[in-house]
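Structural features, examined
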Amino acid sequence: KGVITVPLPDANILTSGMLSDKEEVYYERESIFNNLSEAKKAELRAEMGDKAENIAVENGLLDKAKSNAKKVLKNFIYNMYDSNDYDIVFEDVKG
């Protein structure tokens, strides 16, 4: 049986952040954030984004992404090659 070796780097997060069109201010005049400058609001948004990203990683986001990538690649390759004739081996690649 033949072997198809696929180099696969670790998954990583390319970008993260809040969707500005999903952010709503209901009544800013009495908001607890009313006294905050736009710079401070941006800083707080960035902190929330970092925290959310860390939680996602801790909950296995990157592991799930790599697992899903392997499934997609296997399906793609086995559409071209018979699974009875070839095994697919994923090789970890750094960087």
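Quick note: structure is the one above.
The present account deals with the structure reproduced in this document. Given the structure is predicted, the values throughout are model-derived calculations rather than measurements. (Residues numbered from 1 in each chain as written. Predicted model: local features only at pLDDT ≥ 70, side-chain atom pairs only at ≥ 80, totals over all residues. Heavy atoms only, no water.)

Some remarks on the nonpolar core
By size, the foremost hydrophobic cluster in this structure holds 6 residues: Ile4, Val6, Leu8, Ile77, Ile88 and Phe90. When contributions to this core are tallied by element, the ones reaching two or more residues are strand S1 (2-9) and strand S2 (86-93). Ranked by residues supplied to this core, first place goes to S1 with 3 residues. Once residues within four sequence positions are removed from consideration, isoleucine 77 is found in contact with Ile4, Val6 and Ile88. (Core = buried A, V, L, I, M, F, W, Y, C linked by side-chain atoms within 4.5 Å. Buried < 20%, exposed > 50% of the residue type's maximum accessible area, 1.4 Å probe, protein only. Helix = DSSP H or I, 4+ residues; strand = E, 2+ residues; numbered from the N terminus. Contact = heavy atoms within 4.5 Å.)

Focus: the side chain of lysine 66
Here lysine 66 is to be found in helix H2 (residues 61-78). Of the residues examined, lysine 66 reaches a relative accessible area of 13% and is grouped as buried. When residues no more than four places from it in sequence are discounted, the contact partners of lysine 66 are Leu8, Pro9, Asp10, Ala11 and Asp92.

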